[in-house]
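Each chain is listed here by its residues.
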Amino acid sequence: MAAPSVPPLTNFPTVNNDRYFANHPTVTLIEKCSNLQQLKQIHAQMLRAGLFSDPFSASKLIQSSALSGFSSVDYAHKVFDQIPQPNLYSWNALIRAYATRSQPLSCLSVFTRLLNDCSEKPNKFTYPFVIKALAKLKCLELGKGIHGMAIKEGLCSDLYVSNCLIHFYTECGCSDMASRVFSSMPERDVISWNSMIDGLAQNGFVEEAIEIFCRLEGEGVRPNDVTMVGVLTACRKKLDVKVGRWVHAYIEKNGIKRSLILCNAILDMYTRCGSVQEAKRFFDKMVEKDIISWTTMLVGYGSLGDFDAARGLFNSLPSKDIAAWNALISAHEQGGNPKEAISVFNELQLSKTAKPDEVTLVSTLSACSELGAIELGGWIHVYIKKEGMRLNCHLATALIDMYSKCGDLEKALDVFNSMDNKDVFVWSAMIAGFGMHGCGVYAMETFEKMQEAKVKPTAITFTNLLSACSHSGLVEEGREFFHLMEPVYNIVPGVEHYACMIDVLGRAGLLEEAMELIKNMPVARSASVWGALLGACRLHKNVDLAEEAWEHLHQIEPQNHGAYVLLSNIYTNSGLWDKVSELRKRMKDAGVKKEPGCSSVEVNGAVHEFLVGDNAHPMSKKIYSKLEEIAGRLKSEGYESKKSELLPMVEEEDMQEKALNLHSERLALAYGLITLKPTRRIRIVKNLRVCEDCHSVFKLVSKLYDREIVLRDRYRFHHFKGGSCSCNNYW
DNA sequence: GTAGGGTTAG
């Protein structure tokens, strides 16, 4: 840029706030800058020309520095510091700069300085910026204070201030306060309505959001594209494709501007509401698409479990950002395909096309949890520390869940204790961890501490808590929590809570009380309710009630093979052989297949899977000879196998002894004994429940081989050490 | 007599 000729200073008055400055050719050039160098030139000329004595001209420079893409807010701050006597306009310019550049803390600190150093009071322009920063920080209490200040100054009738307050309160999850601001406004514009609709939808008040939208129509306000994005968010959360379709039609009919964001929101609504076909049809018609559109479509394929389509779409992306990787990883993780999720994560690491972010790590950690892949999980923990990522609540929850489900409760507790501000998810995950390891008392203690920390429990917290009670035999406590849920915590017990409670009562042998509870349930009885009762009947050898429970369960889930196996075990234990064969025939006729047992053990970061009687593993021979060695040692210790469990499902009598030895968890155990150093714990994950015989064998092996073994089965953890198990045979 | 607010994917 050619240097503009600077008129001599004497031609211009030097008085503050004189409007002649605004027309100064140098000042008008500010907006035309397209790089930092040009801006710096202007800055220098303005200093030379003495234009900084006019706060207005200097503030123009602040605005340009802060809002242009080529400059920084730090630079804007330097400009501010050169203004000899900044007025409110200059202060506001700097506050705005920090607010829009997402530096809310700096924004607040400048605001505080303004209160002390500026002779003028903050005005209707100051408040919106400050409230925006507070919204970003979700500082509810501070925001209420600022709200109070604004009221005192009589600024709350200002449209902008009120609109910001609505946004602020909904960001803080305080929809009530937002509604109060909204209804007290003397005048509202479309932005007021939009903020209210979107805020309600984001906070899960979907009915209310749609209601407000209907009211907006009645009051003659014309909705715009942003309005419709909010309404679609509500539809998406409601999972109501009918309302979604109606909204889509409304957009077409009323000629609402179809911005890219709005189109993406329509697309997202269809995929989330389960109509991937409609999403695809819409997607194909979209004129403009961005990475969000593609990723949304990818998520849609993932939700259908169509991994090939998801992969195909992913491969066709010209540039793969981290969100696209995340969508693919999450599709596999959510679709019950954790191994593939981990393999995509490894591919991402190798490709280096994007850097894993928090979402990537959370999804991958979930996959590790499912597989019991503690080495990779631990590696991710180290990665988080190495990269200096802040351990937020999402990551902490995922880590606690991973360590718990991989059998390392100590590490889970370390993560838990390292967190300063724990949200309800973090607390609940820790309660679940204690529960599955049979530490019910600690789970309860954690719940107490959670209340001291003033964190409100959710329905999930109670599921975890009740499940902890059942795994530890805490009947009294379970009853008490269950009965306090609604009156004290305002959480209506759902079917999952009833199922846990029946488990609590049933395991303790209180079958009548359990049955009574089932009879009086105000919600529909699920398979899990009858399953819990059936399990209790096995433990307490009640054939009649078992048959009743099984019939109900069978009605709901005719293909549930676990139910067949359980009932069959109950018959076997009572010597009802006729009923066993009758049941076996019924199972065969119904075409129900027993899910094959599958166990995995992680060695050097790789997860090795074993099916029943598997000999696919390259070290198969060694594994079987190890199993023979174990059998020999057990025999010499006087151990005799107990064949009652699961065996009726094996056809030939002489296969029974062999079949026991072929149980997948034993193969995994043998492989662990061969490959892991004697000091290392062996961690095994099994998809089904461990049978009684294997449980006894594991106890003995832990003593004879002096090994710690951690086994996670379908229901809980078993820590074997020195010949005993942490579950105290209560499972 | 200068300025300001709301939206989409994981």
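Quick caveat, the model's predicted, so the values are computed rather than measured.

Cut-offs used in this document
Once a new chain begins, its residue numbering starts again from 1 and follows that chain's sequence as written. Each chain gets a letter, beginning with A, and each ligand a number, beginning with 1, in the order they are written. With the structure being a predicted model, the display of local features is reserved for residues of pLDDT at least 70 and the display and counting of side-chain atom pairs for 80 or more, all residues being used for whole-chain, interface and lining totals. Side-chain figures throughout are based on the complete set of non-hydrogen atoms in the structure, without hydrogens or water. Think of it this way: any DSSP run of H or I at least four residues long counts as a helix, any run of E at least two long counts as a strand, and we number them from the N terminus. Exposure is judged per residue with a 1.4 Å probe applied to protein chains only, and the accessible area is read against the type maximum: over 50% gives exposed, under 20% gives buried, and values in between give partly exposed. The contact criterion used is simple: two residues touch if any of their non-hydrogen atoms lie within 4.5 Å. Computed with the Shrake-Rupley method and a 1.4 Å probe, the accessible areas treat only the protein chains shown as cover for residues. We count Lys and Arg on the positive side and Asp and Glu on the negative side, and we leave His and both chain ends out. By convention, the charge on Lys lies at NZ, on Arg at CZ, on Asp at CG and on Glu at CD. We call a residue near a molecule or strand whenever a single non-hydrogen atom of that residue lies within 4 Å of it. Two N or O atoms count as a polar contact when they lie within 3.5 Å, although within protein this holds only if one can serve as hydrogen donor and the other as acceptor, and sequence-adjacent residues are included solely when both atoms are side-chain atoms. For this scheme, ten residues count as nonpolar: Ala, Val, Leu, Ile, Met, Phe, Trp, Tyr, Cys and Pro. Four count as charged, namely Asp, Glu, Lys and Arg, and the remainder, Gly too, count as polar. UniProt positions are given in the numbering used here, feature names are shortened, and annotations may be inferred rather than shown by experiment. Under the convention used throughout, the expected extent of a helix is 1.5 Å for every residue step, that is, one less than its residue count.

### Some remarks on the overall build of chain A
Item 1. Scanning chain A from terminus to terminus reveals 38 helices and six strands.
Item 2. For chain A, the proportion of its 731 residues judged to be buried stands at 51%.
Item 3. The contacts in chain A between residues at least 6 apart in sequence include a share of 63% that link residues at least 24 apart.
Item 4. Carbon together with sulfur atoms contributes 53% to the accessible area of chain A, which is approximately 34,700 Å² in total.
Item 5. If you average the places of the 82 positive and of the 85 negative side-chain charges in chain A, the two averages end up 5 Å apart.

### Considerations on the protein's contact with DNA strand B
Item 1. Near DNA strand B there are 43 residues, and of these F56, R96, N163, N194 and R236 occur at the shortest range.
Item 2. Per the 4 Å cut-off to the protein, sugar and phosphate atoms form 40% of the nearby atoms of DNA strand B.
Item 3. Here a base nitrogen of DNA strand B and a side-chain polar atom of D158 are 2.6 Å apart.
Item 4. Secondary-structure elements contributing two or more residues to the surface near DNA strand B are α5 (88-100), α7 (126-137), α9 (159-171), α11 (190-202), α13 (225-238), α15 (260-272), α17 (291-303) and α19 (322-334).
Item 5. When its residues are assigned to classes, the surface near DNA strand B shows 17 nonpolar, 14 polar and 12 charged.

### A few points about the UniProt feature "repeat: PPR" (unreviewed entry) in chain A
Item 1. Within the UniProt annotation, "repeat: PPR" (unreviewed entry) is assigned to residues 189-223, 259-293, 321-355, 392-422 and 423-457.
Item 2. This span, residues 321-355, is 77% helix and 0% strand, and a straight line between its end C-alpha atoms measures 9 Å.

### Focus on helix α29 (residues 495-507)
An α-helical segment advances 3.6 residues per turn. Residues three or four places apart therefore align on the same side.
Item 1. Given a rise of 1.5 Å per residue, 13 residues ought to cover 18 Å, and the 18 Å separating the end C-alpha atoms of α29 matches this to within 8%.
Item 2. The element α29 is extensively covered by neighbouring structure, given that 11 of its 13 residues are classed as buried.
Item 3. At its buried positions, α29 is contacted by α27 (459-472), α28 (475-489), α30 (511-519) and α31 (527-539).
Item 4. One or two steps after α29, the chain reaches G509, where phi turns positive at roughly 85°.

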